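Analysis of the macromolecular model
Next come the chains, spelled out residue by residue.
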Amino acid sequence: VSEPYVDLTLPIWEGTPFHPNHFAAEISQYASIDRNGFEARRLVLSSHLGTHIDAPRHYIPDAGSVDDFALDTLIGTYQVVQIGERGPGAKIGADDLPSEIATRVFIATGWSESHLGDPDYFTAPPVLELAAARRLNESGTRIVGIDGPTVDLDDTVHNALLGAGCLIVENLTNLTKLGSAAHAMVLPLPVRGGDGCPVRAIAQPIR
Ligand SMILES: [Zn+2]
């Protein structure tokens, strides 16, 4: 019996919370059925809006872009590491990761479920310590997702993971509902040369 799919994606609208380094979604209607016979909207979205992927070139000059990665990197079995709620500013260390680390990893903290829209969502999220990033790199992990706005507050983990060619997914949600493993897909639009892109991420828990 297959489990129902879980949506790991934040909705996209003008009110999607955004990091102060980036900007709010701009969504405006430019055609209506009354005037044009069809309805359509202009979407102006940061490549790091909402649930999104960081490609290596987000931090590493001329490194891989969102359209450079095989679908088999983005789609498949994800190990889900359930960290649990540890409050604002929690640090996720190397010892919080399991002894065997998979190729695709989600880090579940519950932060987006409990703090999205709060003043400290972007300023005090749980983050990875550099030692945890190094363990992921040593394990050959190719993609790491977290249910908070970022994997670090000082760029060290971004540089370590992206420098090793490991993709990062941020602002995921509902990871706490997945148990310890899921079949998942994290799909950016194939933006040519893109440093990042909003994604649709969905997962089917493996029980
Ligand atoms: Zn990003």
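None of the values given here were measured: they were computed from a predicted structure. (Residues numbered from 1 in each chain as written. Predicted model: local features only at pLDDT ≥ 70, side-chain atom pairs only at ≥ 80, totals over all residues. Heavy atoms only, no water.)

1. A look at the coordination of the zinc ion
- Only His-48 (ND1), His-52 (NE2), Asp-54 (OD) and Glu-170 (OE) from the protein coordinate the zinc ion, and they sit 2.0 to 2.7 Å from it.
- Coordination at the zinc ion is irregular: its four donor atoms span angles of 74 to 169° at the metal.
- Here the donor residues for the zinc ion map to a single chain with the spacing H-x3-H-x1-D-x115-E.
- Overall, the relative accessible area of 9% leaves His-48 in the buried class. (Donors = N, O, S within 2.8 Å, 3.2 Å for Na, K, Ca; no water. Tetrahedral: all angles 85-135°; square planar, octahedral: opposite > 155°, others 65-115°. Buried < 20%, exposed > 50% of the residue type's maximum accessible area, 1.4 Å probe, protein only.)

2. Remarks on the pattern of salt bridges
- Under the defined criterion, the tally for this structure stands at five salt bridges.
- Between Arg-86 and Asp-96 there is a salt bridge, and its shortest N-O distance comes to 2.8 Å. Of the two residues, Arg-86 is situated in the loop between strand S5 (75–82) and strand S6 (91–92) and Asp-96 in the loop between S6 and strand S7 (104–108); the sequence distance between them amounts to ten residues. (Salt bridge = Lys/Arg side-chain N within 4 Å of Asp/Glu carboxyl O. Helix = DSSP H or I, 4+ residues; strand = E, 2+ residues; numbered from the N terminus.)

3. Comments concerning the environment of Asn-171
- By the element assignment, Asn-171 lies in the loop between strand S10 (167–170) and strand S11 (181–188).
- Residues Asn-171 and His-48, spaced 123 residues apart in sequence, show a C-alpha to C-alpha distance of 9.5 Å.
- When neighbours within four sequence positions are excluded, Asn-171 is seen to be in contact with Leu-8, Leu-10, Gly-50, Thr-51, His-52, Tyr-121, Ile-146, Gly-148 and Pro-149.
- A distance of 3.0 Å separates a polar atom in the side chain of Asn-171 from the backbone oxygen of Gly-50.
- Among the polar contacts made by the side chain of Asn-171, one reaches the side chain of Tyr-121 at a distance of 2.6 Å. (Contact = heavy atoms within 4.5 Å. Polar contact = N/O pair within 3.5 Å; in protein donor to acceptor, adjacent residues only side chain to side chain.)

4. Side note on the packing of aromatic side chains
- Counted under the stated rule, the structure contains two aromatic pairs.
- Arranged with centres 4.2 Å apart and planes meeting at 20°, the rings of Tyr-78 and Phe-106 form a pair that is stacked. Here Phe-106 lies in strand S7 and Tyr-78 lies in strand S5, a separation of 28 residues in the sequence.
- In this structure Tyr-78 comes out as buried when scored by relative accessible area, which is 0%. (Phe/Tyr/Trp six-rings, centres within 6.5 Å; stacked < 30°, edge-to-face > 60°.)

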